[in-house]
4 protein chains.
Amino acid sequence: MVKVGIIGAGRIGKVHIASISKGVREAVIKTVADPYMNEETAQWAKSMGVMNTTKDPSDIMNDPEIDAVLICSSTDTHSSLSLEAIKAGKHVFCEKPIDHDVDKIKEVIAALEGTGLKYQVGFNRRFDHNFEALQKAVAGGKVGKPEIIKITSRDPEPPGVDYVKSSGGMFLDMTIHDFDMARFLAGCDATEVYVQSANLVDPAIGEAGDVDTAVITLQMENGALVVIDNCRRAAYGYDQRAEVFGSEGMAAISNDSESSVTIANNQGVTGEKPLFFFLERYMDAYSKEVAAFIDAIINDKDTPLGVEDGLKPVLMGIAAKKSSDEHRPVKISEVM
Amino acid sequence: MVKVGIIGAGRIGKVHIASISKGVREAVIKTVADPYMNEETAQWAKSMGVMNTTKDPSDIMNDPEIDAVLICSSTDTHSSLSLEAIKAGKHVFCEKPIDHDVDKIKEVIAALEGTGLKYQVGFNRRFDHNFEALQKAVAGGKVGKPEIIKITSRDPEPPGVDYVKSSGGMFLDMTIHDFDMARFLAGCDATEVYVQSANLVDPAIGEAGDVDTAVITLQMENGALVVIDNCRRAAYGYDQRAEVFGSEGMAAISNDSESSVTIANNQGVTGEKPLFFFLERYMDAYSKEVAAFIDAIINDKDTPLGVEDGLKPVLMGIAAKKSSDEHRPVKISEVM
Amino acid sequence: MVKVGIIGAGRIGKVHIASISKGVREAVIKTVADPYMNEETAQWAKSMGVMNTTKDPSDIMNDPEIDAVLICSSTDTHSSLSLEAIKAGKHVFCEKPIDHDVDKIKEVIAALEGTGLKYQVGFNRRFDHNFEALQKAVAGGKVGKPEIIKITSRDPEPPGVDYVKSSGGMFLDMTIHDFDMARFLAGCDATEVYVQSANLVDPAIGEAGDVDTAVITLQMENGALVVIDNCRRAAYGYDQRAEVFGSEGMAAISNDSESSVTIANNQGVTGEKPLFFFLERYMDAYSKEVAAFIDAIINDKDTPLGVEDGLKPVLMGIAAKKSSDEHRPVKISEVM
Amino acid sequence: MVKVGIIGAGRIGKVHIASISKGVREAVIKTVADPYMNEETAQWAKSMGVMNTTKDPSDIMNDPEIDAVLICSSTDTHSSLSLEAIKAGKHVFCEKPIDHDVDKIKEVIAALEGTGLKYQVGFNRRFDHNFEALQKAVAGGKVGKPEIIKITSRDPEPPGVDYVKSSGGMFLDMTIHDFDMARFLAGCDATEVYVQSANLVDPAIGEAGDVDTAVITLQMENGALVVIDNCRRAAYGYDQRAEVFGSEGMAAISNDSESSVTIANNQGVTGEKPLFFFLERYMDAYSKEVAAFIDAIINDKDTPLGVEDGLKPVLMGIAAKKSSDEHRPVKISEVM
């Protein structure tokens, strides 16, 4: 049994509490810490089998019984809490991104060195049944050598402008998942990025200095081209699809919906919309990524998404921002 | 070049005129006869390349230049016109059904004997790209030995009661196509039929002594079970699907629509309705069945649907009516 | 918190143990009883949070702390254990069928009278996301008045002959789920059944006096016709689909697969097979049906599937057997 | 009746001969001219109803009876033959592209001025049932304001290197259709293009100075982003899809296949490949584009694709080549 502490009981923290509680039998949540912990959240956490709740993350860091820490707090605390946890000798599961600042990620990399501690970044989509099956098909040679990879990633609704301002921009907040997916599906790193972006959804996002719509082209090390299309708003719900075209064929995945019911009437043949957003679509994936982390601890294996996998998409995001700003293709090596 | 005469310039006659004119290069339409021939139809026929129009079928029967006759007149004239044409030494393409009276079909069979003339019945669906591909898959062993065959056949709108009264009833008018399809897909004859029928669409149809909704089960000679579901009305259009389940798998076909456009919005993901009715769905099939008939004449081959193929579904229809009336399974041999 | 005891730790018992343990937060499993309880099963049960394991069902019946009993033992014990549990004042969740003998089910009905105890039968498919959404669409008027309901239900592999012999026959063992589904989708009872059956899959099943393939037609009280097709073997996996055709349109559901990946290559465009069998397909449904049972207890509501819902499909199964044997339509009232 | 002359009896010339002969009733083909005209082609043309065949295009240009000319010869003759035909007072249907040289297209534009002659460019895909329905949905506001347009365009097999060398390069030969489609779907012109290209299919194509794989991003005047992905080889056949994402939803089209048959077996559920190549996919579209041209002549309307619509995609192709060569976004205005 691995004893874990969870820092952050916001939306994503709650997702992990619930999914560990229901689906990860080899882990028990000893403590949940959140500076805004209140009675309601504490009660709910207890109903989920959490032993203690606190406002102070130190209660986790200083608890010798706790083996591993899940960092689900706000992005600006990820790298410093990672460092603290590593110092305290704890395995770390850190929500994405580790940091917007490459140097801070490098500090985490340095701190890990020689410790033997496990570190995993929360790119949950790799654990989605569709993306997982797609990657498996491609890696298994079902389409030959990958040549063009297309990733569609559209959110149902734009976030508020306050969120946008602190998010690091669309490329580091939203596209970062797609950058990880590009690496996962291509099986290698990107060397260059070109961004064509626009502010079409909400003028306030543009006023905040960000974009909300983009087409992003990546050159991958293995010669494949990747194209990602992003939008902060999709009237029909969360749109998460991908297609890998290769020398011997194509593999593609579609969205999930609540059921397969279709209604045929004099208006046409209508199926359900995709599941609304990431909580609906990726609930199982959240559970599976933590199960993989716990498994890596118990069986002393590499985590499926190490700290380097946390660094690479951040570099891609920074290069993407530069490309969008300077309106030219940008090599990843320029921002390293 | 095969010279053909067409008797009947109603809906189905016009379909054949247009499709021969556009798509059957080895045939030329010399004469079209229809007792109700008017100026408008005659003009239209000429624009389609028809050489003569007349009110009198004898102008076709007595024309030694005409090699083949297409009988597209009302059902009650099919068998007598067939006999006349055979007597006149002409190949015959006859719209379904040859007759509602088995004895009259047998007269046609007798008349044909020893003449060497070609005779084809107009079960056009066998020439539809979907049904043709389905049959080919099944006959090619793709699903192993057929065990359960399901045929969905629903019209978009019920016919008028006058039509119903003279139609011979739903089983001889509408289901007869599905009986032919059952034979085509199973590759053998039926031995027994059971009908569960109802009058759910239009009370006037019931008052006319007919049904408008039915589930029909067939026992086939090769052991397979067939189930047909019929309705005279489908709000979403013409529904013509089939599924063949066998020892090694299943093959299925869906409806055709005008295009593959789907619209995803906050109401769902909507594709087009099926093509509205048989003219839209089977236009190519009408052309291909006549091409096959012409080909059989030119190359002295058997037609794909001989006079026996015209008899069998009529027997199935008569047995179905008996089953519906007497509410019990009826062997085909009972009505032979 | 509802304390439950589970009798039977075979395949379906284990499914309920796991799904309650992971997904039904308002219930705790106090005791699991199985005459064949061994160390391995006991250990596994404990890892799932079960407090006690025993070989003796009386340890459950006599335990005043236990509020509710789940009967997951062999079919021949369902009705007697139901009676015992009711006598002991416990709510009962009973796997289908309650009994093959109508009189024994009536004893259970009589025993329940006036007790206020909850009784639920395990027709899990009503809780499947697809069937649930289909029923909701139909009940919500999306297709108008239901006229033809088609249920496809095919198992991937036939059971062993020993199982077949003790199963009560295909209609009471396998089709019984589809009979329940017919009632669920039509929203009313059947009045008549006609069966066309065959022994096409395994001759040994025929030698054991059973069939393995059937097309079953039902006349429903509301005028709708239902057709069920069954086979004990489907090369592509568990086939569980349905379609409801009504006066204003059609609603249909398809199978579930592990992922939505399709591979296009020079062989065609290939998607995944359906999920293999009921454990894969209905795992969530098993959890939801027990959650509904627990909810009925806690909030003193009717269970969604009362003891009468357990009786009706048995009557339909008995009538179906009679129809298959006597080769004629059989009214349900004949077997009441 | 419009009398047409066709110059060029190669692959595309034959397509037009057959489709006019079968499907365009208001046109008659008086003369087909081809310097390589041989007996076989002449015979075939006559069987299609063509009145004369010749090796000399002057026989068409100088024939006062001929109203309109279809230019289906090699690309390098398109603009000069256009000029000749205009001089001879004939309406012109010209296969794409008019020329690779913008100045020559401008000569055609100048020559047309004030003549009242009709001129149409052969971008056949606009007449495909799927693309037509997609454009209609978008123009009809079904997805709101277009924001991201994705066009997939992949050929089944690369052409020979000799063809590649004389083709003007992939962007002017293959992508030019997609550039037209971008304008058609967006309803406006492009202002900028960025190309990420590669030589992944055949090294000989690279040695000939061309690319065979590309991802192309366009900035459209109305703010929408377009992304096109091209490959000269797709193992599963001709891949021609598009998706338009807008402020209120998304519209998408898929490929066509020969039939809708799917086979489910223990390997999965397999449907047919897309139709092999443009002749199979766009046969109806070829007929419809010429019908539209004839209709414009008869009813004195604008052709749906005027000479300016022939110029714009060439400019886009030249800019795309420049972007590929110089590895930077290129404004269309740079190449005007």
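Report follows, based on the coordinates. What you see is a predicted model, and the numbers here were worked out from it, not measured in a lab.

### Description of the relation of the copies chain D and chain A
So, point 1. Between the two copies, chain D and chain A, the superposition gives an RMSD of 0.0 Å; the rotation angle is 180 degrees and the shift along the axis is 0.0 Å. Interpreted geometrically, this transformation is the action of a two-fold axis. Considering only C-alpha atoms, the residue of chain D closest to the rotation axis is D:Arg328, which sits at 3.0 Å.
So, point 2. Comparing interface residues between copies, 100% of those in chain D also lie at the interface in chain A; the contact surface is shared.

### Description of the interface of chain C and chain A
So, point 1. Counting residues at the interface gives 27 residues for chain C, matched by 27 residues for chain A.
So, point 2. Of the roughly 2,000 Å² buried where chain C meets chain A, counting both sides, 49% is carbon and sulfur surface.
So, point 3. Linking chain C to chain A there are zero salt bridges.
So, point 4. Our enumeration of links across chain C and chain A arrives at 14 residue pairs in polar contact (both at pLDDT 80 or more).
So, point 5. Elements represented by at least two residues in the side of chain C that touches chain A include exactly helix H1 (11–23), helix H6 (129–139), strand E12 (249–253) and strand E13 (262–265) of chain C.
So, point 6. Within the side of chain C that touches chain A, the residues separate by chemical class into 11 nonpolar, 10 polar and six charged.

### Some words on helix H9 (residues 175–186) of chain D
Residues and elements named next belong to chain D.
So, point 1. For H9, which comprises 12 residues, the first-to-last C-alpha distance of 16 Å matches the rise-based estimate of 16 Å (1.5 Å per residue) to within 8%.
So, point 2. Taking burial as the measure, the 12 residues of H9 include 12 buried ones, the bulk of the element.
So, point 3. Within H9 the residues assigned to the buried category are Thr175, Ile176, His177, Asp178, Phe179, Asp180, Met181, Ala182, Arg183, Phe184, Leu185 and Ala186.
So, point 4. At the C-terminal side of H9, glycine 187 shows a positive phi close to 75 degrees.

### Some words on the relation of the copies chain C and chain A
So, point 1. At an RMSD of 0.0 Å, chain C and chain A line up after a rotation of 180 degrees and a shift of 0.0 Å along the axis.
So, point 2. Comparing interface residues between copies, 100% of those in chain C also sit at the interface in chain A, which points to an isologous, same-surface contact.

### Overview of the side chain of B:Arg183
So, point 1. Along the chain, B:Arg183 turns up in helix H9 (residues 175–186).
So, point 2. Not counting residues within four places of it along the chain, the set of residues in contact with B:Arg183 comprises B:Arg126, B:Cys188, B:Asp189, B:Met220, B:Asp309, B:Lys312, B:Pro313 and B:Met316.

### Brief notes about the sheet that holds strand E4 (residues 68–71) of chain D
Either a parallel or an antiparallel arrangement is found when strands of a sheet pair, and the pairing is made through backbone hydrogen bonds.
Residue and element names in this part refer to chain D.
So, point 1. Pairing is parallel across the open sheet formed by six strands, whose spatial order is E3-E2-E1-E4-E5-E6. Sheet topology places strand E3 (52–54) and strand E6 (119–121) at the edges, where each strand pairs with a single neighbour. When the angles between neighbouring strand axes are averaged without regard to direction, this sheet yields 20 degrees.
So, point 2. With four bridges joining them, strand E1 (residues 2–7) and E4 adopt parallel strand pairing. The partner of glycine 5 across the bridge, within E4, is valine 69.

### Some details on helix H12 (residues 307–326) of chain C
So, point 1. Compared with the 28 Å implied by 1.5 Å per residue over 20 residues, the 29 Å span of H12(C) between its first and last C-alpha is a close match.
So, point 2. Two residues or fewer after H12(C) comes C:His327, characterised by a positive phi angle close to 55 degrees.

### As for the pairing of strand E4 (residues 68–71) of chain B
Residues and elements named next belong to chain B.
So, point 1. Residue alternation in E4 divides its side chains into two sets, Ala68 and Leu70 and Val69 and Ile71, and both sets are buried.
So, point 2. In the sheet, E4 pairs with strand E5 (residues 91–94) via four bridges, with the strands oriented parallel. Paired with valine 69 across the strands is valine 92, a residue of E5.
So, point 3. With helix H4 (residues 78–87) bridging E4 and its parallel neighbour E5, the resulting β-α-β unit is right-handed.

Cut-offs and rules
- Residues numbered from 1 in each chain as written.
- Chains lettered and ligands numbered in written order.
- Predicted model: local features only at pLDDT ≥ 70, side-chain atom pairs only at ≥ 80, totals over all residues.
- Heavy atoms only, no water.
- Least-squares fit on C-alpha atoms with pLDDT ≥ 70 in both.
- Contact = heavy atoms within 4.5 Å.
- Buried area = accessible area lost by both parts, 1.4 Å probe.
- Salt bridge = Lys/Arg side-chain N within 4 Å of Asp/Glu carboxyl O.
- Polar contact = N/O pair within 3.5 Å; in protein donor to acceptor, adjacent residues only side chain to side chain.
- Helix = DSSP H or I, 4+ residues; strand = E, 2+ residues; numbered from the N terminus.
- Nonpolar A, V, L, I, M, F, W, Y, C, P; charged D, E, K, R; others polar.
- Expected span 1.5 Å × (residues − 1).
- Buried < 20%, exposed > 50% of the residue type's maximum accessible area, 1.4 Å probe, protein only.
- Pairing = 2+ DSSP bridges.
- Axes fitted to C-alpha atoms, helices over the stretch in contact; angles between N-to-C directions.
- Right-handed = clockwise from strand over helix to strand, strands pointing away.

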